[in-house]
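Residue-level listing of the chains:
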Amino acid sequence: MSVKKDVLSMLEKHRGNYFSGEQLAEQLGVSRTAVWKAVRALEQEGYEILAGKNKGYCLPKESDLLSKEGICNYLPEEYKDLSLFVYRETDSTNTLAKQAANMGQQAPAVYVAAMQTAGRGRRGRSFISVPGGNICMSFLLKPELVATDAVFLTTAACVAVHRAIRKATGIICEIKWVNDLYYRGKKVCGILTEAVTDCETGMVDCVIPGIGINFNIMPEQFPEELREIAGALYAGDKRIDVTRNYLAAEIIVQMFKILTELPEKSFLGEYRTHSMLLGKKIYIYAGERAEKATAVEIDENGGLVVELEGGERRVLTTGEVTVRVTEK
């Protein structure tokens, strides 16, 4: 690890506390000049490092730049050797994960970015990324699943992110079938799962769940056409005491935990409990055609059971349609 990363790791672990250059140099086994150069380099990367005469250096508690050191600071010891890659900006973390898999990257691995320039959701929709406001994550996983079971990863990922947000922030989101989380009536998280299947065996070679979270974004930062739809966990609050590093770490923990629940599908109970659709009148969109229905149940395969106006029941499957809650 470089001196710069060592210094950042120390300051991340002790946010709000000052360390003199001499203390840092002694603990890291380097010169004070090397520490000074490392601090300057971090400042050039955008880190706000407080410095005071006879006080030393301090990373303020409200500092919120995503970094590997910052995320690892909140991970349990069992995840310290996880292949974790953090970027200031990339086109798409899902693309990074797929490229890495093609080049032989061993699973599991996690790719995190603060900004995406070509993020996307279901049906090719774009994902809006705002400087300093998002968490973009993709997991490279190789579970022993057949292709038909891989669809549960999106459902499971929704519950994992729901758990992480609740634990890290206290915010309780609602789940919109299939892959979105809503808070105060607006979408704050979308999940896109991509799978590569071995055609000969029918087994899933690798699965890449991608997660995009609107963390701290002012309403006016969204494009005008999305302001009635898109929201964030926080709306520009600079005094929040939860960092993106902490939430990203909690998502990692909850994601790997929920993978152990896949065989029993025990997470479906939580998925149903926090559904924003069940019991509601909805529109079902298949292309330009819309039908009115009532959302009745989430079945054991993760399908949405709906009852049409004429009384007919139908099970909607992942990727088949888009649903919206009606006005009344």
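So, here is what we can say about the structure in this document. (Residues numbered from 1 in each chain as written. Predicted model: local features only at pLDDT ≥ 70, side-chain atom pairs only at ≥ 80, totals over all residues. Heavy atoms only, no water.)

**Examining the overall build of the protein**
What the protein contains, in helices and strands, is 9 helices and 14 strands. Expressed as a percentage of its 328 residues, the buried residues of the protein come to 50%. Across the protein, contacts joining residues at least 24 apart in sequence account for 62% of those joining residues at least 6 apart. With the model as given, the accessible surface of the protein reaches about 16300 Å², and the carbon-plus-sulfur share is 47%. (Helix = DSSP H or I, 4+ residues; strand = E, 2+ residues; numbered from the N terminus. Buried < 20%, exposed > 50% of the residue type's maximum accessible area, 1.4 Å probe, protein only. Contact = heavy atoms within 4.5 Å. Areas by Shrake-Rupley, 256 points an atom, 1.4 Å probe, with all protein chains shown as cover.)

**A look at the sheet that holds strand E4 (residues 109-113)**
What the 7 strands build is an open sheet, ordered E3-E4-E5-E9-E8-E7-E6; its pairing is mixed. Looking at strand neighbours, the two that pair on one side only are strand E3 (83-87) and strand E6 (174-176), the edges of this open sheet. Averaged over all pairs of adjacent strands, the angle between strand axes in this sheet comes to 15 degrees, irrespective of strand direction. One ladder, built from 3 bridges, connects E6 with strand E7 (residues 180-183); its direction is antiparallel. Looking across to E7, one finds that Ile-175 is bridged to Leu-181. Of the strands in this sheet, E3, E4, strand E5 (134-140), strand E8 (186-197) and strand E9 (204-214) touch helix H5 (residues 93-102), which is tilted by about 25 degrees from E5. Across the sheet, helix H8 (residues 244-259) touches E3, E4, E5 and E9, and the angle it forms with E5 is around 30 degrees. (Pairing = 2+ DSSP bridges. Axes fitted to C-alpha atoms, helices over the stretch in contact; angles between N-to-C directions.)

**Focus on the packing of aromatic side chains**
What the rule picks out here adds up to 6 aromatic pairs. Judged by centre distance (5.4 Å) and plane angle (65 degrees), the rings of Phe-215 and Tyr-234 are edge-to-face. You can see Phe-215 sitting in the loop between E9 and H8 and its partner Tyr-234 sitting in the loop between E9 and H8, a full 19 residues away along the chain. On the basis of relative accessible area, Phe-215 is assigned to the buried category, the value being 0%. Three or more aromatic residues joined by ring pairs form one cluster here, namely Tyr-79, Phe-139 and Phe-256. (Phe/Tyr/Trp six-rings, centres within 6.5 Å; stacked < 30°, edge-to-face > 60°.)

**Side note on H5**
For H5, the complete set of buried residues consists of Thr-93, Asn-94, Leu-96, Ala-97, Ala-100 and Ala-101. Each buried residue of H5 lies within a common arc of 160 degrees when the element is viewed along its axis, so the set occupies one face. In this structure, the buried side of H5 is in contact with E3, E4, E5, E8 and E9. Two or three places before Asn-94, at the opening of H5, Ser-92 has a side-chain oxygen 3.2 Å from that residue's backbone nitrogen. (Arc of directions from axis to C-beta. Polar contact = N/O pair within 3.5 Å; in protein donor to acceptor, adjacent residues only side chain to side chain.)

**Considering the pattern of salt bridges**
Under the criterion given, the structure shown has 14 salt bridges. Among the ionic pairs, Glu-291 bridges to Arg-314, the shortest N-O distance being 3.1 Å. Separated by 23 residues along the polypeptide, Glu-291 in strand E11 (residues 289-298) and Arg-314 in strand E13 (residues 313-316) bring together distant segments of the chain. Its relative accessible area of 18% is what places Glu-291 among the buried residues. A residue is classified by how much of its surface remains accessible, and Arg-314, at 27% relative accessible area, is partly exposed. Counted as one network, the salt bridges with shared partners bring together Arg-163, Glu-261 and Glu-270. (Salt bridge = Lys/Arg side-chain N within 4 Å of Asp/Glu carboxyl O.)

**A word on the environment of His-14**
One can find His-14 in the loop between helix H1 (3-13) and helix H2 (21-28). What makes His-14 partly exposed here is its relative accessible area of 32%. For His-14 and Glu-312, which are 298 residues apart along the polypeptide, the C-alpha to C-alpha distance reads 60 Å.

**What to know about the environment of Asp-64**
For Asp-64, the location among the structural elements is in the loop between strand E2 (56-58) and helix H4 (68-72). In this structure, the C-alpha to C-alpha distance between Asp-64 and Gly-132, residues 68 residues apart in sequence, is 7.8 Å.

**Observations concerning the nonpolar core**
What tends to happen in soluble globular proteins is that the nonpolar side chains get buried as a cluster. Phe-139, Leu-233, Leu-247, Ile-252 and Leu-304 are the most contacted members of the largest nonpolar core, which totals 71 residues. Looking at this core, the element that brings in the most residues is helix H7 (residues 152-169), giving 11 residues. Beyond its immediate sequence surroundings of up to four residues, Leu-233 is in contact with Ile-165, Ile-171, Cys-173, Tyr-183, Val-188, Ile-213, Asn-214, Phe-215 and Leu-247. Leu-11, Ala-25, Ala-38 and Leu-59 belong to the second-largest nonpolar core, a separate cluster that totals 16 residues. (Core = buried A, V, L, I, M, F, W, Y, C linked by side-chain atoms within 4.5 Å.)

**Thoughts on the environment of Ala-25**
Of note, Ala-25 is situated in helix H2. Spatially, the C-alpha atom of Ala-25 lies 50 Å from that of Tyr-271, the residues being 246 residues apart in sequence. The residues touching Ala-25, leaving out its near neighbours within four places in the chain, are Val-30, Ser-31, Arg-32 and Val-35.

**Things to note about the pairing of E8**
Pairing of E7 with E8 involves 4 bridges; the strand directions are antiparallel. Residue Asp-180 lies in a different strand from E8, and its bridge partner there is Gly-190. Hairpin geometry of E7 and E8 is characterised by an intervening segment of 2 residues between the two adjacent antiparallel strands and by a positive phi of about 55 degrees at Arg-184. In terms of strand pairing, E8 meets E9 through 9 bridges, oriented antiparallel.

**Observations concerning the side chain of Thr-243**
Along the chain, Thr-243 falls in the loop between E9 and H8. Among all residues touching Thr-243, those that are not within four sequence positions of it are Arg-15, Lys-61, Ser-63, Asp-64, Tyr-74 and Phe-215.

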